[in-house]
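Notes for the structure review
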Number of protein chains: 2
Amino acid sequence: MGYKHDKTTIIRQGAELFRKKGYHKVGINEILEACGIPKGSFYNFFDSKADFARQALANYGSSQLDMIRAVLRNQDLSPLERLKSFYRMIIEANEQDGLDAGCLVNNLAIEIGGLDGQLAATANKQFETWIGEIARCIQAGQDAGEIVEDVPAEVLAEYLHAGIYGAFSRMKVTKSRTYLDQWFQLTFEFIAS
Amino acid sequence: MGYKHDKTTIIRQGAELFRKKGYHKVGINEILEACGIPKGSFYNFFDSKADFARQALANYGSSQLDMIRAVLRNQDLSPLERLKSFYRMIIEANEQDGLDAGCLVNNLAIEIGGLDGQLAATANKQFETWIGEIARCIQAGQDAGEIVEDVPAEVLAEYLHAGIYGAFSRMKVTKSRTYLDQWFQLTFEFIAS
């Protein structure tokens, strides 16, 4: 493996540890063990745990953005159907994942958003690119007469983005997808025109 | 101060540390320092950090429940106005708090919901009592013709409860109340009958 492949692999494995266990629970040693790399290699790539976390957030955000674009720009479905398909996919992915982890960026936003301005800004940047894609699809749905038009697409996008994150909290303490399914049903009833 | 007062004071100060910094970031030593008590006293009251956190969650949940009941059972306002007043109060409280902490139970649900079954169950119990109070007020609003009737009150209560938590994530990484205000406005448009 070349330099880039190594680094990306480490970032992805570390991101998965952070997503499942949180930021402060996971030490650098646990990341090293999971990746099978010596400490020196870690510090060749990253200045600190916080630097590693910023790169993990950016990498996760970017790969999620690719997935979001693939679904929300799929011209085979109407904009509203693309949105439904996107959130169904998130719910299914959480079920396959054991319903106890959720989203890396949301988890780190809640855990360290108030503690580390740089990590908060990196988390927020991922949110903004994702919400931009959601707003773009909502706007197309409004133009097509599928989605209520009296609310700006960006505001509705924030609302959808926040809503499922809130449902993740109950999901994580109950290990049940009920709250995600109820959120989905109500939200799409409310936003349908 | 007697035994009970001491213990409650420690629990409240520790809960505040957990709320602002998260569970894994705060060690027992930081709690001892904040409360000015020796380690021996801590272990007279609590078996472990996890035991302390469970009691902190229960204490916080109970004091929040008192506040929720005071607002949501206030017969001077209509049920819908009580609900609005409740969420306005939460938004104002977060603004006064610096917009970077949010709710202890939500924070711990996200951080340790997938890691510690007992803490998850304690967090969930607080959610359930709060949501029960919200559902009771929503049912009264439905009976009074103020709130959409085609969705069970419990489901709408879950939806409101989750929604503002989702908005907390963006609040924490932007230090802005915009997302709480937008959530408020849209939610009450959607649920008004």
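Just so we're clear, the structure is a prediction, and the values are computed from it rather than from any experiment.

The next thing to look at is the packing of aromatic side chains. Taken as a whole and judged by the stated rule, the model has 34 aromatic pairs over all chains. Between A:Phe190 and B:Phe190 the ring centres are 5.1 Å apart and the planes differ by 0 degrees, which places this aromatic pair in the stacked class. Of this pair, A:Phe190 sits in helix α9 (residues 178-191) while B:Phe190 sits in helix α9 (residues 178-191), which puts the two residues in different chains. A:Phe190 sits in the buried class, given a relative accessible area of 12%. Taking 5.0 Å as the distance between ring centres and 65 degrees as the angle between the ring planes, the aromatic pair formed by B:Tyr87 and B:Trp183 counts as edge-to-face. One end of the pair, B:Tyr87, is in helix α5 (residues 79-96); the other, B:Trp183, is in helix α9, and 96 residues separate them in sequence. An aromatic cluster is present here, built from A:Phe18, A:Tyr23, A:Phe42, A:Tyr43, A:Phe45, A:Phe46 and A:Phe52 joined pairwise through their rings. Just above the ring of A:Tyr23 sits the side chain of A:Lys49; from NZ or CZ to the centre is 4.4 Å.

Bringing the interface of chain B and chain A into the picture now. The interface of chain B with chain A comprises 42 residues on the first partner and 42 residues on the second. Note on chain B versus chain A: buried area summed over both sides is about 3700 Å², and carbon and sulfur give 65% of it. Of all residues in chain B, the largest losses of buried area upon contact with chain A belong to B:Ile110, B:Tyr159 and B:Arg170, amounting jointly to 19% of the total for that side. Run the count over chain B and chain A and you get 4 salt bridges. Here B:Arg170 ties to A:Glu158 by a salt bridge, and the two come within 2.6 Å at their closest N and O atoms. Counting across the interface, chain B meets chain A through 13 residue pairs in polar contact (both at pLDDT 80 or more). Of all elements in the fold, only α1 (3-21), α6 (104-112), α7 (117-143), α8 (153-174) and α9 of chain B reach the threshold of two or more residues within the side of chain B that touches chain A. The residue makeup of the side of chain B that touches chain A, split by class, is 20 nonpolar, 11 polar and 11 charged.

In this section: the packing of helix α6 (residues 104-112) of chain A against α8(B). Two measures define how a pair of helices packs: the angle their axes make with one another and the distance between the axes. With their axes 9 Å apart at the nearest point, α6(A) and α8(B) run at an angle of 60 degrees to one another. Here α8(B) runs oblique to α6(A), going by the angle between their axes. α6(A) and α8(B) meet at a crossing whose hand is left-handed. Two secondary-structure elements touch here, α6(A) through A:Asn106, A:Ala109 and A:Ile110 and α8(B) through B:Ser169, B:Lys172 and B:Val173.

Within chain A, residue pLDDT values average 96, and 97% of them lie at 70 or more. With a pTM of 0.95, the predicted complex shows an ipTM of 0.94.

This part covers the side chain of B:Asn124. Tracing the backbone through its elements, the reader meets B:Asn124 in helix α7. Filtering out sequence-adjacent residues up to four positions away, B:Asn124 remains in contact with A:Arg170, A:Val173 and A:Thr174.

All right, on to the pattern of salt bridges then. Should their charged atoms come close, side chains of opposite charge can pair. Using the criterion set out here, one finds 24 salt bridges over all chains in the structure. With a closest N to O distance of 2.6 Å, A:Arg177 and A:Glu95 form a salt bridge. One end of the pair, A:Arg177, is in the loop between α8 (153-174) and α9; the other, A:Glu95, is in helix α5 (residues 79-96), with 82 residues separating them in the sequence. Note that B:Arg54 and B:Asp51 form a salt bridge whose closest N and O atoms lie 3.9 Å from each other. Placement of the pair is B:Arg54 and B:Asp51 together in helix α4 (residues 49-72), with a separation of 3 residues, close to one helical turn. A cluster of three or more residues bridged by salt bridges with shared partners is formed by A:Glu16, A:Arg19, A:Lys20 and A:Asp97.

Calculation criteria
- Residues numbered from 1 in each chain as written.
- Chains lettered and ligands numbered in written order.
- Predicted model: local features only at pLDDT ≥ 70, side-chain atom pairs only at ≥ 80, totals over all residues.
- Heavy atoms only, no water.
- Phe/Tyr/Trp six-rings, centres within 6.5 Å; stacked < 30°, edge-to-face > 60°.
- Helix = DSSP H or I, 4+ residues; strand = E, 2+ residues; numbered from the N terminus.
- Buried < 20%, exposed > 50% of the residue type's maximum accessible area, 1.4 Å probe, protein only.
- Lys NZ or Arg CZ within 6 Å of the ring centre and 35° of its normal.
- Contact = heavy atoms within 4.5 Å.
- Buried area = accessible area lost by both parts, 1.4 Å probe.
- Salt bridge = Lys/Arg side-chain N within 4 Å of Asp/Glu carboxyl O.
- Polar contact = N/O pair within 3.5 Å; in protein donor to acceptor, adjacent residues only side chain to side chain.
- Nonpolar A, V, L, I, M, F, W, Y, C, P; charged D, E, K, R; others polar.
- Axes fitted to C-alpha atoms, helices over the stretch in contact; angles between N-to-C directions.
- Parallel < 35°, antiparallel > 145°, perpendicular 65-115°, else oblique.
- Left-handed = near helix turned anticlockwise from the far one by under 90°.
- pLDDT = per-residue confidence, 0-100.

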